[in-house]
Amino acid sequence: MSTTETADDRWYPANPAQKGLWVLDRVEQLRRTTLIPTVVRFTGPLDVQRLARAVQQVLDRHPALRSRFRLDPEHKRVEFRTDLEPARVGVIDAAAEGWTEAELPELVDVLCYAPFDLSAEAPARAELIVLGPQDVRLVLTVHHIVCDGWSHSLILREIEQIYRAEAEGVDPALPVPPHPGEVTVGPGPEELAERLPDVVERLAGAPLEVDFPFRRPVPADAEPDLDGGTLAIDLDEELTGALLDAAAGAGCTPFALGVALLTGTLAQIGDQRDFVIAFGWPGRDDPAIADVVGMFMNTTMLRVTLDGDRTSWGELLGGARLGALEAFIDADIPLDAVTAELKPERAVIWPPLSAVLVNLNESPRDLVLGDGAVGRLQPLDRLHMKYDLALFVRVDETPRGRRLQLSVDYTRALFDSADISRLLDAMRRNAAVIAHSLEEPVTVAVNPTVDLDDPAARLELVRSLWLEVLKLDSVGDDVSFFEAGGDSLLLVMLVERLTQATGRALKTMDLFRAGTVRGHAELLVTAGSPAGAGAGSSRDRLLGAARAAAAAR
C-alpha cells in the first residue's frame, strides 16, 4: 500500500450537519456564526499553569478537536482527519504584555470570533488571560463543525475534573473518548427515503416565515448584518412554580411551554395562526456516545397551529406538546433533506426554513476548582446571529424554588430592543394567564405595550378594564366601583382581568377598599406575581398557607 493510500485511510466522511456547517464556513459573512465562543472568569486562589494543563489535556484527548477538513470533489463529500496536532493553550499576562483595561474587550472579541482555517488548523483555541493573582479569563472558541451544545458542556466539565484531580494528586479517571468518525447518527439512505415523506407531510402548507409585526424591512440587495443583541426576563419562584405546574398538567415540558408562549404571544399581536419553529436535537440517544466531543446535533422543525381565535392556552399547550412529540420522532432526519423537499427554490444558504429558533438554555453550571476558585460563564459583548430571533428557556433551582428565565437573542438590523422588550413583557403576562387559568383564549391580548412603571399608563389600563367589565363608555377616575354600577360578582371579574392583564397578584378585598380607578392603579405598584389557581394540589396550597402563617408569627 502506498503512502497516499495510507493517508487516505485516515479521512472520515462528515455527517450531514457537518457538511452544512462546512458550506456556511465558506461564506465570509456567515463564518462567525459557525463559532462557539465561551468566556469563563475564574476568581479565587488559582494555579494558572495547572488550569492551562487541564485545558490542554482536553484539547489533546478528543479527536474531534484535532480535526482538519477538506472537500473531496470526486465523491462530492466533505471529509475530516484527526491525526494531526491539537491547538496549544496560550497564557497572556495582561499587565506584563501591556494590555490595558480598555483594550481587553477587543482582545477577547478577536479570540472569540477570528475564523478558523478548517483545512490547516485545529478547530479549537484557548487562551488564559491573567488579569491578577485571583482573576483569570479563559477564552475558549470551538468551531461548531466539531462541537455541539452537549460537547460544549462536556469540555467544560472535563476541564474542571482534570484540574481538581491534579490538585488532589489523583488520576481524573476519564474514559477513552470514542472516535467521532465511528459514530453513526441519522438514518441510512433506505430508511431516509421511507421516513422523509411523513416529515414533509407534517410541515406541508405551513408558512415557513414567522410574521413579526414589528420586524424592520430590509432591502433585498442589502449586505447581511448579523450583529445580535440579548434581552431576558426572570419569573419569580411563585409565578414559575404555578406556571410549570400548569404546563405539566397539560403534559408540557419547559421547552414546549416556551414554544407555546412565543407562538401564542405572536398570535396575539399579529394575524399568523400557523407556525414552524426550529429547534436543535442533540443526537445523543445512544448512551455509547455520551462522552464523545463532536457535532451530532440536527436542526428540526416543529409545527404549531391555532384554530383561528378559538384556541385556549390549554389547547395551545397541548398543540405545542403534540408538535414537539411529532418533531422528536423524526428529529434525526437531516434538515437538508427536508428543505430540499419543502423549499427547493430557496435563495439563501441559511436559514433554510424557519428563521426562528426555540431551545432550552443548558449552559453549564459554575466550574468549581476547589479552595475558593470558581469559574463563571460571562456574557459575550457581541453576538453573531444565525437566526433572526432565538428564544432560550432555562429553569434554575434556587433555595426558594424553581425560577424560569426567558432570554431572546435577536438580530439588531431586524428588531429594535424596545420591541423585543415589549415581546418579553407580553410573554411574562401570558405566563401569568397560563398559571391562573388554561381556559383563557390565546388571542385575547394582555396589553403587551403597557408600562406599569408609568402612572398614566397604569391609570389608562385600569380605566379600560373598568369599562370592559362594567360595559360603560366612560367612567371617572375617582368614582366608586359600586357607584359606577358594579357589584361583588363584577368586582371578582375585575380582579381576574387585572391579574391577566398585568401578571400582578391582586386581592378582591384590596380592590374593594381602594374602590376607584385611581386607587386600583396604585395597587398595581406594590402587587406581586400571582400564585395561580392551579398551583399544586389543594393540600399543597393549605400547607403552603400554614407555613407562611407560621413564618409571619
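Residues numbered from 1 in each chain as written. Predicted model: local features only at pLDDT ≥ 70, side-chain atom pairs only at ≥ 80, totals over all residues. Heavy atoms only, no water.

Asks: What should I look at first to understand the environment of A242 in this one?
Replies: For A242, the position within the fold is in helix α7 (residues 237–249). Considered as a pair, A242 and W99 are 143 residues apart in the sequence and their alpha carbons are 49 Å apart. (Helix = DSSP H or I, 4+ residues; strand = E, 2+ residues; numbered from the N terminus.)

Asks: How should the environment of L511 be read in this particular structure?
Replies: Relative to the assigned elements, L511 resides in helix α14 (residues 508–514). Along the sequence, L511 and L494 sit 17 residues apart, while their C-alpha atoms lie 8.9 Å from each other. What L511 contacts, discounting residues up to four positions off in sequence, is L491, L494, V495, L498, L506, H520 and L523. (Contact = heavy atoms within 4.5 Å.)

Asks: Is there a simple way to explain the pairing of strand β9 (residues 274–281) in this structure?
Replies: Two faces make up the sheet, and in a regular strand the side chains alternate between them. Most of β9 sits out of view: eight of its eight residues are buried. Along β9, one buried face is formed by D274, V276, A278 and G280 and the opposite face, lined by F275, I277, F279 and W281, is buried too. Examined bridge by bridge, β9 and strand β10 (residues 298–305) share eight bridges and lie antiparallel to one another. Bridge pairing in β10 places W281 opposite N298. (Buried < 20%, exposed > 50% of the residue type's maximum accessible area, 1.4 Å probe, protein only. Pairing = 2+ DSSP bridges.)

Asks: For this particular structure, what's the right way to read the packing of helix α11 (residues 417–436) against helix α13 (residues 488–502)?
Replies: Two measures define how a pair of helices packs: the angle their axes make with one another and the distance between the axes. One can describe the packing of α11 onto α13 by two numbers: an axis separation of 6 Å at closest approach and a directional angle of 135°. Taken together, the axes of α11 and α13 are oblique relative to one another. Here R429, A432, V433 and H436 of α11 come into contact with α13, specifically with E496, T499, Q500, A501 and T502. Class assignment for the residues of the contact of α11 with α13 results in three nonpolar, four polar and two charged. (Axes fitted to C-alpha atoms, helices over the stretch in contact; angles between N-to-C directions. Parallel < 35°, antiparallel > 145°, perpendicular 65-115°, else oblique. Nonpolar A, V, L, I, M, F, W, Y, C, P; charged D, E, K, R; others polar.)

Asks: What is the right way to look at the packing of aromatic side chains in this model?
Replies: Each aromatic ring pair is described using two quantities: the centre-to-centre distance and the angle formed by the ring planes. Evaluation of the coordinates by the stated rule reveals eleven aromatic pairs. Their ring planes at 85° and their centres at 5.7 Å tell us that F481 and F482 sit as a pair that is edge-to-face. Consider the rings of F482 and F512, whose centres lie 5.7 Å apart with planes at 70°: the pair is edge-to-face. Highlighted residues: F482 in the loop between α12 (455–470) and α13 and F512 in helix α14, separated in sequence by 30 residues. Taken together, W466, F481, F482 and F512 form an aromatic cluster joined through their ring pairs. Here the guanidinium or amino end of R50 rests over the ring plane of Y163, the centre of that ring lying 5.2 Å away. One residue, R70, lies across the ring of W11, its end atom 4.0 Å from the ring centre. (Phe/Tyr/Trp six-rings, centres within 6.5 Å; stacked < 30°, edge-to-face > 60°. Lys NZ or Arg CZ within 6 Å of the ring centre and 35° of its normal.)

Asks: Where do I start with the side chain of E127 in this structure?
Replies: By secondary structure assignment, the location of E127 is in strand β6 (residues 124–132). There is no salt bridge for the buried E127, and the closest opposite charge comes from R125, which lies 7.6 Å off by N-O distance. With residues near it in sequence (within four places) discarded, E127 still touches G90, V91, I92, L111, R137, L138 and V139. (Lys, Arg positive; Asp, Glu negative; His and termini not counted. Salt bridge = Lys/Arg side-chain N within 4 Å of Asp/Glu carboxyl O.)

Asks: It is not clear to me how the sheet that holds β6 should be interpreted in this structure. Could you clarify?
Replies: The strands that make up a sheet pair up through hydrogen bonds in the backbone, lying either parallel or antiparallel. In space, the six strands of this open sheet follow the order β5-β6-β7-β2-β13-β12, with mixed pairing throughout. Because the sheet does not close on itself, it has two edges, and the strands there are β5 (90–93) and β12 (367–370). Strand-to-strand twist across the sheet, computed as the mean angle between neighbouring axes with direction ignored, equals 20°. Here β6 runs beside strand β7 (residues 135–143); their pairing, made up of eight bridges, is antiparallel. Each bridged residue has a counterpart across the sheet, and for E127 the counterpart in β7 is V139.

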